[in-house]
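For reference, the chains in residue letters:
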Amino acid sequence: MSHDLALSPPPSRVAPEDLHDLRWPDDPSEIPDWIYTDRRVYELEQQRIFGGRAWNYVGIDAELPNPGDYIRSYVGAVPVVVARDKQGQVHVFENRCAHRGAEFCKTYRGNTRVFTCPYHQWSFRLDGSLAGVPFRGGVNGKGGMPEDFDQSRHGLRKLYVTCRNGAIFASFSADTPPLEEYLGVEMLAQFDTIFSGRKLKLLGVHRNTLEGNWKLYQENLKDPYHATLLHTYLTTFGLFVAGNRTGIVVDPTGVHSALLNARPKVAPTLDEHKVEIKSFKPGMKLADERVLDFFREFDSDWSSSAMTIWPNLILLRQMNILSARQIVPLGPAKFLLVWTAFGYEDDSDAMTQHRLRQNNIFGPGGFLGIDDHEALKFVQDGLNRSVPRHGVAALGNEHDTFDTVITDRAIRLMYRHYRHAMGF
């Protein structure tokens, strides 16, 4: 970890006492509408959640292969830059000039020796320290910075950084526990299945904006109930359907989870498990059935693992797809998704093409992603336009076993942690 300036969480425009009119319901299975719609809640989340004791995903090593490489990223709503210095160390700092506050980096990615603010041309090194100030000594002996101006005190605000096998995380808090402790033993095992130490290869990045609260996306990947009802692609082709062998891993804090599934060797047929699934279309065919090919490459019983790592990462292994989705809140009712698809440097050309082909499942217009995006907008529309009431996440109970599929337990545990962090 590293830091330059003394860090503090992003300031909130509201304090907990300003939310005295909001009361969480007594029933732990109920979720109040106002956590998805209230601007005050959103502002407090920037400080308590994204600025708190959390590791925020900001990118992968493969996006920064060379010294001088950088990418734009986010921690919550705060724009940051992720850069690799000449010694190979990764730094994360605010995308905000230390002079007058301009957002100085406007390109998604690139390579540079220094970052120069377009407004007054202050320049910063790859570690975020201040490199130069134009006319620091004034002109003709007049003006300029005071003699006691200490350049070392005016670098960019740096965040704490941790990396594990190619994944990069940042935090505003010095008290954030080590990543291994943060994830817990079972979640770390799922994480390390993908980030095992094999060198990563970037396949592509795409971005799309969704009309919904950012927490709805975390919920979505903790919700096996919808997965076997909404998605025609998952159910019809056996990727996730009632009757499959399935498991749900939750870390000890309840905030991270992994939804695991083992695809059967033969295509599913209509049986007693699927009678209630309207999305199941037994006669549907794919134009290119290679999309369904699964080449076993991990020492794992599961063909898919959908991990939610609080607060901003969805890490997915679906057959031979490997991808990270970064959640960037843009307000109470809008968020950005940054999708990063990757493989491994030692993949064959055929495997790389296969991974790219399978990635048609996901993304803004993917076979699967498009269903969720529409459903989340429907939820947000209902929350915004109706008379407020509490949502219900009552499926299952706190004693559900690992293989219980029709359950909301992971969602309830997430909101138990959320309430504590937010002070509700």
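Here's what I pulled together on the structure shown here. This is a predicted model, so every value here is computed, not measured.

Parameters at a glance
- Residues numbered from 1 in each chain as written.
- Predicted model: local features only at pLDDT ≥ 70, side-chain atom pairs only at ≥ 80, totals over all residues.
- Heavy atoms only, no water.
- Helix = DSSP H or I, 4+ residues; strand = E, 2+ residues; numbered from the N terminus.
- Rg over C-alpha atoms; globule rule 2.2 N^0.38 Å.
- Buried < 20%, exposed > 50% of the residue type's maximum accessible area, 1.4 Å probe, protein only.
- Contact = heavy atoms within 4.5 Å.
- Areas by Shrake-Rupley, 256 points an atom, 1.4 Å probe, with all protein chains shown as cover.
- Lys, Arg positive; Asp, Glu negative; His and termini not counted.
- Charge placed at Lys NZ, Arg CZ, Asp CG, Glu CD.
- Pairing = 2+ DSSP bridges.
- Axes fitted to C-alpha atoms, helices over the stretch in contact; angles between N-to-C directions.
- Parallel < 35°, antiparallel > 145°, perpendicular 65-115°, else oblique.
- Nonpolar A, V, L, I, M, F, W, Y, C, P; charged D, E, K, R; others polar.
- Core = buried A, V, L, I, M, F, W, Y, C linked by side-chain atoms within 4.5 Å.
- Expected span 1.5 Å × (residues − 1).
- Polar contact = N/O pair within 3.5 Å; in protein donor to acceptor, adjacent residues only side chain to side chain.

Observations regarding the overall build of the protein
Phase 1: A count of helices and strands for the protein gives ten helices and 19 strands.
Phase 2: Computed over its C-alpha atoms, the radius of gyration of the protein comes to 23 Å, within 12% of the 22 Å expected for a compact globule of 424 residues.
Phase 3: With the principal axes as the frame, the protein shows a C-alpha extent of 85 × 60 × 35 Å.
Phase 4: Per-residue burial over the protein gives 55% buried out of 424 residues.
Phase 5: Taking all contacts inside the protein whose residues are at least 6 apart in sequence as the whole, residues at least 24 apart take part in 67%.
Phase 6: Just so you have it, the protein exposes about 19,300 Å², and 50% of that area is on carbon and sulfur atoms.
Phase 7: Treating the 48 positive side-chain charges of the protein as one cloud and the 51 negative ones as another, the clouds have centres 5 Å apart.

Focus on the sheet that holds strand β5 (residues 90-94)
Phase 1: Pairing in this open sheet of four strands is antiparallel, and the strands run β5-β4-β3-β6 from one edge to the other. In this open sheet, the two strands that pair with only one neighbour each are β5 and β6 (109-111). Within the sheet, the average angular offset between the axes of one strand and its neighbour, ignoring direction, is 30 degrees.
Phase 2: Inspection of the sheet shows strand β3 (residues 69-75) paired to β6 by three bridges, in the antiparallel sense. Looking across to β6, one finds that Ile71 is bridged to Arg109.

Regarding the packing of helix α2 (residues 39-50) against helix α10 (residues 409-422)
Phase 1: The geometry of α2 relative to α10 is characterised by a closest axis approach of 10 Å and an angle of 90 degrees between their N-to-C directions. Taken together, the axes of α2 and α10 lie roughly perpendicular to each other. Contacts between α2 and α10 involve Val41, Leu44, Glu45, Arg48 and Ile49 from the first element and Tyr418, Ala421 and Met422 from the second.
Phase 2: Classifying every residue of the contact of α2 with α10 gives six nonpolar, no polar and two charged.

Observations regarding the environment of Lys377
Phase 1: With respect to the helices and strands, the residue Lys377 is situated in helix α9 (residues 369-385).
Phase 2: With 169 residues separating them in the primary sequence, Lys377 and Asn208 have C-alpha atoms 13 Å apart.

A few points about the nonpolar core
Phase 1: Phe195, Tyr217, Leu315, Phe342, Tyr415 and Tyr418 are the most contacted members of the largest nonpolar core, which has 78 residues in total.
Phase 2: Per element, the largest residue contribution to this core is seven residues, and it comes from α10.
Phase 3: Those residues within four positions of Tyr217 in sequence are excluded, and the remaining contacts are Leu210, Ile314, Arg325, Ile327, Phe335, Leu337, Trp339, His373 and Leu376.
Phase 4: Counting residues in each nonpolar core, the second largest holds 16 residues, with Ala83, Phe93, Cys117 and Phe149 among its members.

Regarding α2
Phase 1: Compared with an ideal rise of 1.5 Å per residue, which puts twelve residues at 16 Å, α2 spans 16 Å between its outermost C-alpha atoms and is within 8% of the ideal.
Phase 2: All buried positions along α2 are accounted for by Val41, Tyr42, Glu43, Leu44, Glu45, Gln46, Ile49 and Phe50.
Phase 3: Of the surrounding secondary structure, the elements contacted by the buried residues of α2 are α1 (34-37), β2 (56-60), β3, α5 (214-220), β17 (321-329) and α10.
Phase 4: Of the residues flanking the start of α2, the one acting as N-cap is Asp38, its side-chain oxygen 2.8 Å from the backbone nitrogen of Arg40.

Note that all results are geometric; they support no functional claim without further evidence.
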